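# Chain and residue survey
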Amino acid sequence: HHASRGYVYSGIGVELEQRADQYVVRRVFAGSPADGVVQPGAVLVRANGYRAQDLGGWTGLIRGEPGTTVELELAYHCGGHETVTLKRDTIRVRR
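Residues numbered from 1 in each chain as written. Predicted model: local features only at pLDDT ≥ 70, side-chain atom pairs only at ≥ 80, totals over all residues. Heavy atoms only, no water.

### As for the pairing of strand 2 (residues 14-19)
Of the strand pairs in this sheet, strand 2 and strand 3 (residues 22-28) are connected by six bridges, and their pairing is antiparallel. Each residue of the ladder has a partner; that of Q18, found in strand 3, is Y23. (Pairing = 2+ DSSP bridges. Helix = DSSP H or I, 4+ residues; strand = E, 2+ residues; numbered from the N terminus.)

### What about the nonpolar core?
Judged by nonpolar contacts, the single largest core of 20 residues is most densely connected at I12, V14, V38, L44, L72, L74 and L86. Within the residue set of this core, elements represented by two or more residues are strand 2, strand 3, strand 4 (43-47), helix 1 (55-62), strand 5 (69-75) and strand 6 (81-87). For L74, the contacting residues outside a window of four places in its chain are V38, A42, V43, L44, V45, G80, H81, E82 and V84. (Core = buried A, V, L, I, M, F, W, Y, C linked by side-chain atoms within 4.5 Å. Buried < 20%, exposed > 50% of the residue type's maximum accessible area, 1.4 Å probe, protein only. Contact = heavy atoms within 4.5 Å.)

### Digging into the packing of aromatic side chains
With the rule as written, the count across this model stands at two aromatic pairs. When the ring centre of Y9 is taken as origin, the NZ or CZ atom of R63, which lies over that ring, is 3.8 Å away. (Phe/Tyr/Trp six-rings, centres within 6.5 Å; stacked < 30°, edge-to-face > 60°. Lys NZ or Arg CZ within 6 Å of the ring centre and 35° of its normal.)

### Observations concerning the pairing of strand 6
One ladder, built from seven bridges, connects strand 5 with strand 6; its direction is antiparallel. Looking at the pairing, E73 lines up with T83 of strand 6. Where strand 5 folds back on strand 6, the antiparallel hairpin that results is connected by five residues, among which G79 adopts a positive phi of roughly 105°.

This is the structure we're talking about:
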């Protein structure tokens, strides 16, 4: 398994980044559970009712066994705010 070809994990298919003191969805992988539900630029507020302190913490809250669900509370810079429930799946990330 070459790292250059990508990797596989179980989650919802978002890539996160830290912007100042916020944790933001940088991109959403096509065909993933988050595709069409979570928009890039969404700010993470809570995952399953918890706030994480760092990027690794958010990743830990969002990832989990395939078929299990995660509830995400999201805020958007336009002032929008929503809570979505996503079912985790196996995500294949192409490099």
